[in-house]
Amino acid sequence: MKTPIRVAVTGAAGQIGYSLLFRIASGAMFGPDQPVILQLIEAPIEKALKALEGVAMELDDCAFPLLKGIVQTADASIGFKDANWCLLVGAKPRGPGMERADLLKDNGKIFIGQGQIIDAVAAADARIAVVGNPANTNCMIAASQAKRLPAERFTAMVRLDQNRAQSQLAKKAGVDLTAVKDIFIYGNHSPTMFPAFAHATIGGQPATKVINDDPWLQGPFCETVGKRGAAIIAARGASSAASAANALVDHVRSLVTPGAIHSVAVKSQGLYGFDANVWAGMPVRTTTAGSYEVITGYAMDAFAQSKIAATNKELVEERAFVADMIA
Ligand code: NAX
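Keep in mind that this is a model prediction, so the values were computed, not measured.

Draft legend 1. Spatial organisation of the site of the ligand. Around the ligand there are 24 residues in total, and Gln15, Ile16, Glu42, Asn133 and His189 lie nearest to it. For the ligand, a nitrogen atom lies 3.2 Å from a polar atom in the backbone of Gly11. Gln114 places a side-chain nitrogen or oxygen 3.5 Å from a nitrogen atom of the ligand. Burial of the ligand by the protein chains amounts to 80% of its free accessible area of 880 Å². Residues belonging to the shell around the ligand are distributed by class as follows: 12 nonpolar, 11 polar and one charged. Each of domain 1 (5-156) and domain 2 (159-321) gives at least three residues to the shell around the ligand.

See below:
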């Protein structure tokens with residue numbers, strides 16, 4: 001039996017948490033032979049902590065053979081202690097009339113504190129995945145606080161966007177989802193993101209050739225993927241939760257699977273037209289478990305360049321809003 005790994009999850013009693021924890025405990029994230037200890041962190045609010053108690057009871061009631069312990073806490077220094085993976089899901093939602101800048105500042109404060117605590121108490125091999133929005137910039141803020149853990153360990157999730165794009169391409173081409181490969185998300189997890197369809201393949205052929213409808217790819221396809229979150233809210237009356245949790249399972253599973261090729265928001269080194277030091281979605285290849293390299297060399301045509309310029313501009317603006325929060 002392998003040694004259990006410690007997985008800290010913030011926002012554990014939230015709606016994504018409710019779809020996520022059971023998948024982690026069942027082995028979907030780290031594999032069917034990897035025991036886990038869940039370290040569940042909630043905001044210090046009575047209602048949230050009570051809800052967390054209920055979630056922990058349900059986890060017990062699943063009798064998952066791989067689940068070797070559950071920690072419930074509002075104290076991040078207990079929750080992140082010795083954690084091998086820190087999944088930062090909890091964040092303040094955007095309230096009515098709230099400006100994006102206010103959201104950036106309010107959530108920024110959470111991620112400063114969490115970045116510092118993770119750096120101080122998490123395991124030496126700790127990896128961090130940020131879901132709470134604005135995910136890319138929150139990730140940048142948390143990473144900026146770290147003195148011990150390298151910035152590459154901090155990633156933000158654009159996998160939901162990749163999964164959405166893959167699904168839309170398969171539907172349009174009328175093929176099985178698994179025929180669609182190499183569709184990567186560039187930039188921010190926001191409607192400005194760019195699903196780079198020109199590099200995707202369908203059944204081994206260029207997606208552009210199979211679909212043969214550039215106006216659709218450049219227009220409705222990009223728009224549908226970019227605004228899918230809002231469409232879910234309009235239809236369901238609540239934001240994406242199960243699909244977001246599923247995407248986080250995919251994000252981490254791919255990051256611990258050598259050879260996996262997938263989209264992750266990582267610290268930019270200035271590739272593909274992004275400013276250095278923003279966290280931007282990029283294609284990556286997992287090298288060894290938990291480590292990755294950015295895949296280089298994809299050519300960008302004029303349309304792709306203009307989309308990347310727009311999403312980069314938004315990331316640079318977000319960074320400017322929180323400039324005083326970056327250590
Ligand atoms: P919920 O509001 O259902 O849950 C959030 C939970 O976080 C709450 O239980 C709250 O008490 C907790 N929380 C708040 N501050 C905390 C703190 N400092 N420490 C620990 N817990 C804290 O939101 P949910 O639907 O679960 O979404 C969570 C986040 O994911 C949101 O920021 C949301 O915008 C973001 N999303 C990101 C996506 C992505 O692809 N990157 C997609 C889905 C989702 O919209």
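Next comes the rest of the description.
Draft legend 2. The arrangement of the domain arrangement of the protein chain in detail. Each assigned domain of the protein chain is listed with its residue range as follows: domain 1 (5-156) and domain 2 (159-321). With 31 residues of domain 1 at the interface, the matching set in domain 2 holds 37 residues. Together domain 1 and domain 2 conceal approximately 2,700 Å² of surface at their shared face, both sides included; 61% is due to carbon and sulfur atoms. For the pair domain 1 and domain 2, the interface holds zero salt bridges. Our enumeration of links across domain 1 and domain 2 arrives at 14 residue pairs in polar contact (both at pLDDT 80 or more). Elements that contribute at least two residues to the side of domain 1 that touches domain 2 include exactly helix H1 (15-26), strand S4 (85-88), helix H4 (100-121), strand S5 (127-130), helix H5 (135-144) and strand S6 (154-156).

Draft legend 3. Highlighting helix H2 (residues 46-62). Compared with an ideal rise of 1.5 Å per residue, which puts 17 residues at 24 Å, H2 spans 25 Å between its outermost C-alpha atoms and is within 8% of the ideal. The secondary structure elements touched by the buried residues of H2 are H1, strand S2 (36-41) and strand S3 (67-73). Two residues or fewer after H2 comes Ala63, characterised by a positive phi angle close to 50°.

Draft legend 4. Molecular detail of the packing of aromatic side chains. Considering all chains together, one arrives at nine aromatic pairs under this definition. Their ring planes at 80° and their centres at 6.2 Å tell us that Phe194 and Phe197 sit as a pair that is edge-to-face. Comparing Phe194 with Phe197, the two get one shared label, buried. One aromatic cluster is present, built from ring pairs that chain together Phe194, Phe197, Trp216, Phe221 and Phe303.

Draft legend 5. Examining unusual backbone geometry more closely. Put simply, Asn133 and Pro134 share a cis peptide bond, and its omega is -5°. Counting through the fold element by element, Pro134 comes out in the loop between S5 and H5. Within the chain, Asp182 stands out as a residue other than glycine whose phi angle is a positive 55°. Overall, the relative accessible area of 31% leaves Asp182 in the partly exposed class. A positive phi angle, near 70°, is found at Asn277, a position not held by glycine. Topologically, Asn277 is positioned in the loop between strand S12 (261-267) and strand S13 (279-286).

Draft legend 6. Main features of the pattern of salt bridges. Applying the stated criterion across every chain, the model contains 10 salt bridges. Of the charged contacts, one joins Asp106 and Lys92 as a salt bridge, the two residues approaching to 2.8 Å between their closest N and O atoms. With a gap of 14 residues between them, Asp106 in helix H4 and Lys92 in the loop between S4 and H4 connect regions that are remote in the sequence. On the basis of relative accessible area, Asp106 is assigned to the partly exposed category, the value being 24%.

Draft legend 7. Spatial organisation of the packing of helix H6 (residues 159-173) against helix H8 (residues 214-226). Axis separation between H6 and H8 bottoms out at 9 Å; the angle between their running directions is 135°. Between H6 and H8, the interaxial angle falls into the category oblique. Helix-helix and strand crossings are classified by hand; for H6 and H8 the assignment is right-handed. Taken together, the residues of H8 that come into contact with H6 (itself represented by Asp161, Arg164, Ala165, Gln168, Leu169 and Lys172) are Trp216, Leu217, Phe221, Thr224 and Val225. Tallied by class, residues from the contact of H6 with H8 come to six nonpolar, two polar and three charged.

Here is what the cut-offs are and how they apply
Residues numbered from 1 in each chain as written. Predicted model: local features only at pLDDT ≥ 70, side-chain atom pairs only at ≥ 80, totals over all residues. Heavy atoms only, no water. Near = heavy atom within 4 Å. Polar contact = N/O pair within 3.5 Å; in protein donor to acceptor, adjacent residues only side chain to side chain. Areas by Shrake-Rupley, 256 points an atom, 1.4 Å probe, with all protein chains shown as cover. Nonpolar A, V, L, I, M, F, W, Y, C, P; charged D, E, K, R; others polar. Domains from an automatic or database assignment. Contact = heavy atoms within 4.5 Å. Buried area = accessible area lost by both parts, 1.4 Å probe. Salt bridge = Lys/Arg side-chain N within 4 Å of Asp/Glu carboxyl O. Helix = DSSP H or I, 4+ residues; strand = E, 2+ residues; numbered from the N terminus. Expected span 1.5 Å × (residues − 1). Phe/Tyr/Trp six-rings, centres within 6.5 Å; stacked < 30°, edge-to-face > 60°. Buried < 20%, exposed > 50% of the residue type's maximum accessible area, 1.4 Å probe, protein only. Axes fitted to C-alpha atoms, helices over the stretch in contact; angles between N-to-C directions. Parallel < 35°, antiparallel > 145°, perpendicular 65-115°, else oblique. Left-handed = near helix turned anticlockwise from the far one by under 90°.

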